[in-house]
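What the coordinates show
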Amino acid sequence: MTQTSETSRTTGERRTTDEVWIVGATGRIGRGVTTRLAARGLTVVPVGRSRDRLAAAGAQAGLPGRSKVVVADSAERIAEEIVRQRPRVVVNTMGAFSATAPVITRACMTNGGHYVDQANDMVAVEGLLALHDEAARAGSTLVTGAGFGTLATEAVVAKLCLKQPTPHRVRVDAVASVAVEAGVLGAALAASIVDALTAGGRRYENGRLVASRLGADPQRLTFPDGESAVSAGVASGELVAAHAVSGAPFVAATSALAPTSALMRALLPLLARLLSVPAMRRLAVDLLGRVPVKATARPREHSWGHAVVEWADGTRHEGWLRTGDGMDFTADVTADVTERLARGVASPGAWTPAAAFGPELATTTGGTFILQST
């Protein structure tokens, strides 16, 4: 294990090293971000539970031999190491963000360090954004939703609303196309699925967040390339970001990941009640996380973020963001945001990606806007 670099940055009386920690570096997103940042010359430190797996992931990502790793088996243990070792940026790819983000972000803020995650569940995104004032006082920048989820739709809304008055109604639709790696589903993804089922649906009406049914209002979207997919209502970080960036009183969000079959939608209320029992939730996450998955190609050539923005006078604008594989785009976005934070190109506070860096972040990381007016 190498020694911590002596290069430091001062924030008030606190100091951070030049290290960028990747929590969950052995997972798909973690490996992708590590590879991208190592290629850009940043000092990258893999963080996780197994020293051998971290070392192997680092070597695969192009890190020098015997590079530093940090072994920690929980968010709490990681937080202790952050306070002690003072990395400049911590990238959280371990999932379960509503539980892990508050612990890790507060540790980052003790040293004026920065934080990035890929959260897209409503609880996690709202929870991190609520830390805005605290982060600003600490001189820290916290960015949540740094991936296809959140940015792909938030960027389109921001682009359509640029130099426009506050719209009346916004709808966003997220349709990721992702190649699946062989293995098991994993605890992080399993927890996200279970939490989405128990959360149900949400939407904004007259500026207030109200409950709706998960999978409500299913619709078939036809993309600019002629392909199509069905999406339905969800409670997501995309909903929170679309409301924040537009200010519209009426906002809804749909996702192609939401259940759309009549049978599944009928069973959802009962399933949600069962999974709300803590013991049942733990069992479901454990069993689902162990489910084996086969390697499969992505179902469509492109992933799509979509938004429809309407004003009270009847003006209606529509737009799309086209990307490639949704997971690859997420790794690109996370790496780009992380590099900006490491180089000090951000304002202190808690942000979603387009709020922090503008909608063009989506194009610098490989996306293409297709905007329409009606």
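The sections below set out a description of the structure shown in this document. Everything numeric in this text was worked out from a predicted model, so none of it was measured. (Residues numbered from 1 in each chain as written. Predicted model: local features only at pLDDT ≥ 70, side-chain atom pairs only at ≥ 80, totals over all residues. Heavy atoms only, no water.)

A cluster of nonpolar side chains, namely Leu270, Leu274, Val277, Met280, Leu283 and Leu287, defines an oily patch on the protein surface of about 520 Å² accessible area. Broken down by secondary-structure element, the contributors of at least two residues to the nonpolar patch are helix H10 (262–275) and helix H11 (278–289). In terms of residue count, H11 provides more of the nonpolar patch than any other element does, 3 residues in total. Inspection of the secondary structure puts Met280 in helix H11. (Patch = residues over 30% accessible without salt bridge, like charges linked within 9 Å, V, L, I, M, F, W, Y side chains within 5 Å. Areas by Shrake-Rupley, 256 points an atom, 1.4 Å probe, with all protein chains shown as cover. Salt bridge = Lys/Arg side-chain N within 4 Å of Asp/Glu carboxyl O. Helix = DSSP H or I, 4+ residues; strand = E, 2+ residues; numbered from the N terminus.)

Glancing now at the packing of aromatic side chains. As enumerated under the stated definition, the model contains 4 aromatic pairs in all. Judged by centre distance (6.3 Å) and plane angle (80°), the ring pair of Phe148 and Phe329 falls under edge-to-face. Placement of Phe148 in helix H7 (residues 148–161) and of Phe329 in helix H12 (residues 326–342) is noted, with a sequence separation of 181 residues between them. As far as the burial class goes, Phe148 and Phe329 line up, both buried. When the centroid spacing of 5.7 Å and the interplanar angle of 80° are considered together, the rings of Trp304 and Trp320 count as edge-to-face. One end of the pair, Trp304, is in strand S17 (residues 303–310); the other, Trp320, is in strand S18 (residues 316–323), with 16 residues separating them in the sequence. Using a relative accessible area of 3% as the deciding quantity, one classes Trp320 as buried. A network of ring pairs unites the aromatic residues Phe223, Trp304 and Trp320 as a single cluster. The lysine or arginine in question, Arg169, covers the ring of Phe250, its NZ or CZ lying 4.6 Å from the ring centre. Against the face of Phe357 rests Arg340, its NZ or CZ located 5.0 Å from the ring centre. (Phe/Tyr/Trp six-rings, centres within 6.5 Å; stacked < 30°, edge-to-face > 60°. Buried < 20%, exposed > 50% of the residue type's maximum accessible area, 1.4 Å probe, protein only. Lys NZ or Arg CZ within 6 Å of the ring centre and 35° of its normal.)

For the rest of this paragraph, the subject is the sheet that holds strand S19 (residues 349–351). Pairing is parallel in the open sheet, where 7 strands are placed in the order S5-S4-S3-S6-S7-S8-S19. Only two strands of the sheet have a single partner each, and these edge strands are strand S5 (70–71) and S19. As paired strands, strand S3 (residues 19–23) and strand S4 (residues 43–48) are joined by 5 bridges and run parallel to one another. By the bridge assignment, Val23 is partnered in S4 with Val47. (Pairing = 2+ DSSP bridges.)

In this section: the environment of Val116. Assignment of secondary structure puts Val116 in strand S7 (residues 114–117). Judged by its relative accessible area of 0%, Val116 falls in the buried class. It is 6.4 Å that separates the C-alpha atoms of Val116 and Val90, two residues lying 26 residues apart in sequence. Among residues more than four places away in sequence, those in contact with Val116 are Val89, Val90, Val91, Asn92, Val143, Ala146, Thr334, Val337, Thr338 and Leu341. (Contact = heavy atoms within 4.5 Å.)

Among the 7 residues in strand S9 (residues 169–175), 5 count as buried, and that is most of the element. Pairing of S9 with S17 involves 7 bridges; the strand directions are antiparallel. Bridge pairing in S17 places Ala174 opposite Gly305. In terms of strand pairing, S9 meets strand S15 (residues 250–255) through 6 bridges, oriented parallel. Each residue of the ladder has a partner; that of Arg169, found in S15, is Phe250.

One full turn of an α-helix is made of 3.6 residues, so residues set three or four places apart face in the same direction. The set of residues buried in helix H2 (residues 51–60) consists of Leu54, Ala57 and Gly58. The buried residues of H2 all sit within an arc of 100° when viewed along its axis, so they share a single face. Among the exposed residues of H2, those oriented more than 90 degrees off its buried face are Asp52, Arg53, Ala59 and Gln60. For H2, the secondary structure elements touched by its buried residues are S4 and S5. (Arc of directions from axis to C-beta.)

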